[in-house]
Amino acid sequence: MAINELHNDLRTAVRELCARFPDSYWRELDAREAYPEEFVKTLTNAGYLAALIPEELGGSGLGVAEASIVLEEVNRSGGNSAACHAQMYTMGTLLRHGSEEQRRHYLPKIASGDLRLQAFGVTEPTTGTDTTQMKTMAVRRGNHYVVNGQKVWISRVEHSDLMLLVVRTTPVEEVQKKTEGLSILLVDLRDAIGNGMTVNPIRAMINHATTEVFFDNLEVPVENRVGEEGKGFRYLLDGLNAERILIAAECVGDGRWFIERACRYAKDRVVFGRPIGQNQGIQFPIARAHVNVEAADLMRVRAADLFDDGQPCGAEANMAKLLAADASWEAANVTMQTYGGFGFAEEFDVERKFRETRLYQTAPISTNLILAFIGQHVLGLPRSF
Amino acid sequence: MKIAVCVKQVVTRDWPLRINDSHTWVDDRDASFEMNEPDAYALEEALRLKEQHGGEVVVCSAGPPRVNQVIREALARGADRAIHVEAESLASADGAMVAEALAAPMEEEQFDLVLTGLQSDDQGFAQTGVVLAEFLSIPHATIIMEVQVGAGRVRVKRELEGGWFQWVSMSTPALLTIQSGINQLRYATLKGIMAAKKKEVRLVEPPAELARRQEILMLSVPERTKEIRLFDGAPAEAAGKLVQALKDDARVI
Ligand SMILES: Cc1cc2nc3c(=O)[nH]c(=O)nc-3n(C[C@H](O)[C@H](O)[C@H](O)COP(=O)(O)OP(=O)(O)OC[C@H]3O[C@@H](n4cnc5c(N)ncnc54)[C@H](O)[C@@H]3O)c2cc1C
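Rules used throughout
Residues numbered from 1 in each chain as written. Chains lettered and ligands numbered in written order. Predicted model: local features only at pLDDT ≥ 70, side-chain atom pairs only at ≥ 80, totals over all residues. Helix = DSSP H or I, 4+ residues; strand = E, 2+ residues; numbered from the N terminus. Buried ≥ 20, exposed ≤ 12 C-beta atoms within 10 Å, placed from the backbone. Contact = placed C-beta atoms within 7 Å. Pairing = 2+ DSSP bridges. Axes fitted to C-alpha atoms, helices over the stretch in contact; angles between N-to-C directions. Nonpolar A, V, L, I, M, F, W, Y, C, P; charged D, E, K, R; others polar. Domains from an automatic or database assignment.

Describing the overall build of chain B
Argument step 1. Each helix and strand counted, chain B has six helices and eleven strands in total.
Argument step 2. By its C-alpha atoms, chain B is 70 × 45 × 40 Å across when sized along the principal axes.
Argument step 3. Counting all 253 residues of chain B, 38% fall into the buried class.
Argument step 4. The contacts of chain B with a sequence gap of at least 6 include a subset with a gap of at least 24, amounting to 69%.

Structure representation (structure tokens):
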């Protein structure tokens, strides 16, 4: 089957699945701040979240290009992939750096949906984006690590069985380079919560099941460490390109959703005796937003192709994320404006998607940090941090 | 049990229809296509029957090369293999022509049961299934809402007018035209999509003398007309007339 054929089939199939979870489904969850349990189950059972898991481990062994199409279509349907995207972008860590035993133990269960790996614990309240300064420490005692510290904005912890947790195993003062001394632990949340780990939900602007997490002498078996001790930062960086591309695709999905809605509304809404879309003041911003979404999509496709081809794609992946997040935000704003007062009404879903797509300017990585990457690593400009 | 399902590719429902220059069909050059809805239900019914009784589901479709899209979709959902009677001339063909194109390769297969959709979303003639049954010399029943399979027989529930149903029993092989909504459609899984790549699609040429039996002379877009009626009299009286008109003339309540 030609690549394009596969992509089209995948798109059609995911679109059809998503059509059974209409706007009202997401709207109602948003009002209750509830997790889209049924949607995530359906998507998992149909195998789409296992796109990146190798075939011999129960997945479909596809690339980031295909995985990103799944997430794009979820967002394009009016839904929100945030409920389940982490499984895709954390996958690489386990896949590439996990031991053979870990891979064989966890991946088939993740593929089948028996286990959920949807939580990824990096951010800390006092250090934020400056990841290497994180304070959460894991001290080795015999066959266990004893973890103490705190994380914030850790999403889906309450809806996941496993969490990839980034900790310091050597204090930053004791390493030569600040990027050394970090490690990644696979925490079994079913054992951990209530046994050294406490989770507090954070009410937020969007329905994101996000939490703050406290560790008070949490014991994690040493065998749950992913990869070598002290090399966690490298593994983290290693997964970033995939994450950037997947997030870019979500933004493209949002952008397309907004443009479609804006066009529909601009054609239907008649004021001053003509459809508002006939006014260039309404039409041109929609056209421009569309152009930017489609341009961002090209960069995302290019980044995905390079990634799946095993070539370096740091520049492209970061550029795709920036362009796509900006384009979806522009499209959101334009759609808000096109809808006039009705954009603020919950029942049109524009305000919900507007809030949701705003996140991509900040998380999983903020726009400034992408620009810093491009400035420093792609263009060779002086480092600011 | 060896089951055939006939599927048709039609223009997607939300595609903005434009009529072609000769006014004989829609201009579908840049259209997107999908599986005809009742056919999707027929496929689902076939897959369920296979799950209950074992056997094989074979998708059969007649049309130009682009029809391959819905064939792959059917294979992704779980059909075992496919027969594609391929010819450009089969695009927008009438029911009899499609039935004739399908009949020869299907006859060889000796299916126990042939399912088609009740009608197509584009032409809506509801003829392909019944004409095909005639070509295959097997009994048929239309507008099917339930299928029960017994030894050498099927018992089926037909939908009649006004909420009435009819049960019919007949010997197999037989052909059934399936009504939308008979079951709940399954999703195509990612594994299904991948597995479809490896399934056999047999390309067959249509019979040489195959020709249209029906010609579309002209298509036109329904014109929207506005009609305003005012009801006079005292409010209660005018409201009464309005209600009557909504019931009898507009038939909306
Ligand atoms: C809804 C939500 C869900 C999240 N889910 C997760 C999760 O599951 N797991 C997880 O680990 N994290 C998660 N996060 C955290 C997210 O990754 C961080 O919020 C983000 O990386 C920014 O970190 P911060 O909030 O500490 O901001 P800070 O690091 O405090 O930065 C604040 C602002 O200053 C800017 N800034 C900082 N330093 C510089 C600099 N040197 N140059 C220029 N500008 C700079 C930043 O760009 C930002 O705009 C989530 C956040 C949100 C809001």
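Looking at the sheet that holds strand β10 (residues 174-178) of chain B
All names here are of chain B.
Argument step 1. Across the sheet, nine strands lie side by side as β9-β8-β7-β10-β6-β1-β4-β5-β11; this open sheet has mixed pairing. Of all the strands in the sheet, just β9 (165-171) and β11 (201-204) have a single pairing partner and so form its edges. Strand-to-strand twist of the sheet, defined as the mean angle between neighbouring strand axes without regard to direction, takes the value 30°.
Argument step 2. Taken together, the five bridges between strand β6 (residues 113-117) and β10 define a ladder with parallel strand orientation.

A short note on the interface of chain B and chain A
Argument step 1. Across the boundary between the two partners, chain B contributes eleven residues, which contact twelve residues of chain A.
Argument step 2. Breaking the side of chain B that touches chain A down by element, the ones donating at least two residues are α2 (68-77) and α5 (190-196) of chain B.
Argument step 3. The element best represented in the side of chain B that touches chain A is α5(B), accounting for four residues.
Argument step 4. Looking at the side of chain B that touches chain A residue by residue, the classes come out as six nonpolar, one polar and four charged.

Description of the domain arrangement of chain A
Where interface size is quoted, it is often the accessible area lost as the parts come together.
All names here are of chain A.
Argument step 1. Taken domain by domain, chain A comprises domain 1 (3-116), domain 2 (118-231) and domain 3 (234-378).
Argument step 2. Using C-alpha coordinates to define each centre, domain 1 is positioned 24 Å away from domain 2.
Argument step 3. Listed by partner, the interface residues are 16 residues for domain 1 and 16 residues for domain 2.
Argument step 4. Examining the composition of the side of domain 1 that touches domain 2, we find that six residues originate from one element, helix α5 (residues 86-97), more than from any other.

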